[in-house]
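Inside the fold
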Amino acid sequence: MSCGNHHNTPCTDVLHAIVLYIDHEIADQASVQAIELHIQECAPCAARTTQEALINQQLKALLNRSCREEASEQLRNNVNAIIREPSNQPYLQWSQSITYTEITTDSFTHTRVEIHERYEEE
Ligand SMILES: [Zn+2]
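Summary of the structure given here.

What counts, and where the lines are drawn
Residues numbered from 1 in each chain as written. Predicted model: local features only at pLDDT ≥ 70, side-chain atom pairs only at ≥ 80, totals over all residues. Helix = DSSP H or I, 4+ residues; strand = E, 2+ residues; numbered from the N terminus. Expected span 1.5 Å × (residues − 1). Buried ≥ 20, exposed ≤ 12 C-beta atoms within 10 Å, placed from the backbone. Arc of directions from axis to C-beta. Core = buried A, V, L, I, M, F, W, Y, C linked by C-beta atoms within 7 Å. Axes fitted to C-alpha atoms, helices over the stretch in contact; angles between N-to-C directions. Parallel < 35°, antiparallel > 145°, perpendicular 65-115°, else oblique. Left-handed = near helix turned anticlockwise from the far one by under 90°. Contact = placed C-beta atoms within 7 Å.

1. Here we look at helix α2 (residues 29–41)
Over its 13 residues, α2 runs 18 Å from end to end, which matches the ideal 18 Å to within 8%, given 1.5 Å per residue. Ile35, His38 and Ile39 are the residues of α2 that are buried. Seen end-on, α2 carries its buried residues on one side only, within an arc spanning 100°. Residues of α2 that are exposed and point more than 90 degrees away from the buried face comprise Gln29, Ala30, Gln33 and Gln40.

Written as structure tokens, this is what we have:
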């Protein structure tokens, strides 16, 4: 995936780091600056960043609303692992739906988050 311009940081590196970047989980300031510079120069990666920020926001709202305190960290990690899946297809039309299920009994709490993503050629 490339917009055709030369970048010091390859698009694939930026796309792989986007979720961490959005979550402010990148400690290395040089890496953060490299990503920010790239996003300014590269429209496809900027679009992807906006998209990921939106998913991130939705998931956080979902988890804040639905999650019991002790489940949220693990669930959040699982969700992050799912959305970290590299797709590298920012040119494609993207759609997403989230199904959140929580079943609580006396002995256990079962939580399930299903995220359906679909990429379609425009
Ligand atoms: Zn790029």
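2. Some details on unusual backbone geometry
One non-glycine residue, His24, lies in the positive phi region at around 55°. Looking at the secondary structure, you find His24 in the loop between α1 (11–22) and α2. The class for His24 is exposed, based on 8 C-beta atoms found within 10 Å.

3. Considerations on the nonpolar core
In terms of nonpolar packing, the biggest core is built from seven residues, these being Val14, Leu15, Ile18, Ile35, Ile39, Cys42 and Cys45. The set of elements that each furnish at least two residues to this core consists of α1 and α2. Residue contributions to this core peak at three residues, all from α1.

4. So, α1
With twelve residues, α1 should reach 16 Å at 1.5 Å per residue; the first-to-last C-alpha distance of 16 Å fits that figure. Those residues of α1 that fall on the buried side of the exposure criterion are Val14, Leu15 and Ile18. On an axial view of α1, the arc spanned by its buried residues comes to 95°, and they lie on one face. Two residues or fewer past α1, His24 is found with a positive phi of approximately 55°.

5. Overview of the packing of α1 against α2
Contact geometry of α1 with α2 gives a least axis separation of 11 Å together with a crossing angle of 115°. With respect to their mutual orientation, α1 and α2 come out roughly perpendicular. Viewed along their axes, α1 and α2 form a crossing whose handedness is left-handed. Contacts between α1 and α2 pair Val14, Ala17 and Tyr21 from the former with Val32, Ile35 and His38 from the latter.

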